[in-house]
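Architecture at a glance
Letter by letter, the chains look like this.
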Amino acid sequence: MDKYQVVFHIDERDKGLLGLNNIENLLADLGEDNVNAELVANHEGIEILLKSPDTYVEQIIRLDKMGVKFAACANAMRQRGVTKEQLVELVQVVPSGVGELVKKQAQGWAYIRP
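Below: a short report on this structure.

Thresholds applied
- Residues numbered from 1 in each chain as written.
- Predicted model: local features only at pLDDT ≥ 70, side-chain atom pairs only at ≥ 80, totals over all residues.
- Heavy atoms only, no water.
- Pairing = 2+ DSSP bridges.
- Helix = DSSP H or I, 4+ residues; strand = E, 2+ residues; numbered from the N terminus.
- Axes fitted to C-alpha atoms, helices over the stretch in contact; angles between N-to-C directions.
- Contact = heavy atoms within 4.5 Å.
- Buried < 20%, exposed > 50% of the residue type's maximum accessible area, 1.4 Å probe, protein only.
- Right-handed = clockwise from strand over helix to strand, strands pointing away.
- Core = buried A, V, L, I, M, F, W, Y, C linked by side-chain atoms within 4.5 Å.
- Phe/Tyr/Trp six-rings, centres within 6.5 Å; stacked < 30°, edge-to-face > 60°.
- Lys NZ or Arg CZ within 6 Å of the ring centre and 35° of its normal.

Turning next to the sheet that holds strand β3 (residues 69-73). Taken together, 5 strands build an open sheet; the order of strands is β4-β3-β2-β1-β5 and the sheet is parallel. Each edge of the sheet is formed by a strand with only one pairing partner; in this case those strands are β4 (92-94) and β5 (110-112). Within this sheet the neighbouring strands show an average axis-to-axis angle of 25°, counted without direction. In the sheet, strand β2 (residues 35-41) pairs with β3 via 4 bridges, with the strands oriented parallel. For Ala 41, the partnering residue across the bridge sits in β3 and is Ala 72. Each of β1 (4-10), β2, β3, β4 and β5 is contacted by helix α4 (residues 97-106), which is oriented at about 155° to β2, the strand it contacts most.

Next comes the structure, spelled out in structure tokens:
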């Protein structure tokens, strides 16, 4: 069987921890070698990807080492005045969070919104 492919959508800051924990639980259940996972953050959800003491930097880095990808919406960054330098270094900036979600779903990825 091919790997499971799952995209997690975070658009609310308050759902950040839940989403990250969902990813950890999924990897524990199915095995990190059996899952391709990406977290796409837009709207206020991009705030969970910031390098600041009250975010989830350690958990993001741990998940990255397990193969999880992280994407921030450039539109949301612009609207919220967030620069690439403010994000955790491993985060990829995509032109549109919604566009990234549509692409993943068109490729057959499961969609999870905690």
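Note that Lys 104 resides in helix α4. Through-space distance from the C-alpha of Lys 104 to that of Val 7 is 7.0 Å; in sequence the pair is 97 residues apart. In this structure Lys 104 touches Val 7, Glu 38 and Trp 109, once residues within four positions along its chain are discounted.

Where burial is concerned, most of β1 is hidden: 5 out of the 7 residues are buried. Pairing of β1 with β2 involves 7 bridges; the strand directions are parallel. Among the inter-strand pairings, Gln 5 is bridged to a residue of β2, identified as Asn 36. In this region the chain leaves β1, passes through helix α1 (residues 16-30) and returns to the parallel neighbour β2; the handedness of that crossover is right-handed. With 3 bridges connecting them, β1 and β5 associate as parallel partners. When the bridges of β5 are listed, Val 6 appears paired with Ala 110.

The next thing to look at is the nonpolar core. In terms of nonpolar packing, the biggest core is built from 27 residues, with Leu 39, Leu 49, Phe 70 and Leu 87 touching the most fellow members. Residue assignment for this core shows that the elements contributing at least two residues are β1, α1, β2, α2 (57-65), β3 and α3 (74-80). If we skip the residues at most four places from it in the chain, Leu 49 touches Leu 39, Ala 41, Ile 60, Phe 70, Ala 71, Ala 72, Gln 86, Leu 87, Val 88 and Val 91.

This brings us to the side chain of Glu 100. Within the element layout of this structure, Glu 100 appears in helix α4. In this structure Glu 100 comes out as buried when scored by relative accessible area, which is 11%. The contacts of Glu 100, once residues within four sequence positions are left out, are Glu 38, Val 40 and Val 94.

Here Asn 42 is to be found in the loop between β2 and α2. When sequence neighbours within four positions are dropped, the list of residues in contact with Asn 42 reads His 9, Ile 10, Asp 11, Cys 73, Ala 76, Gly 97 and Val 98.

This paragraph deals with the packing of aromatic side chains. Scanning all chains against the criterion turns up 0 aromatic pairs. The ring of Trp 109 is capped by Lys 104, whose NZ or CZ atom sits 4.3 Å from the centre of that ring.

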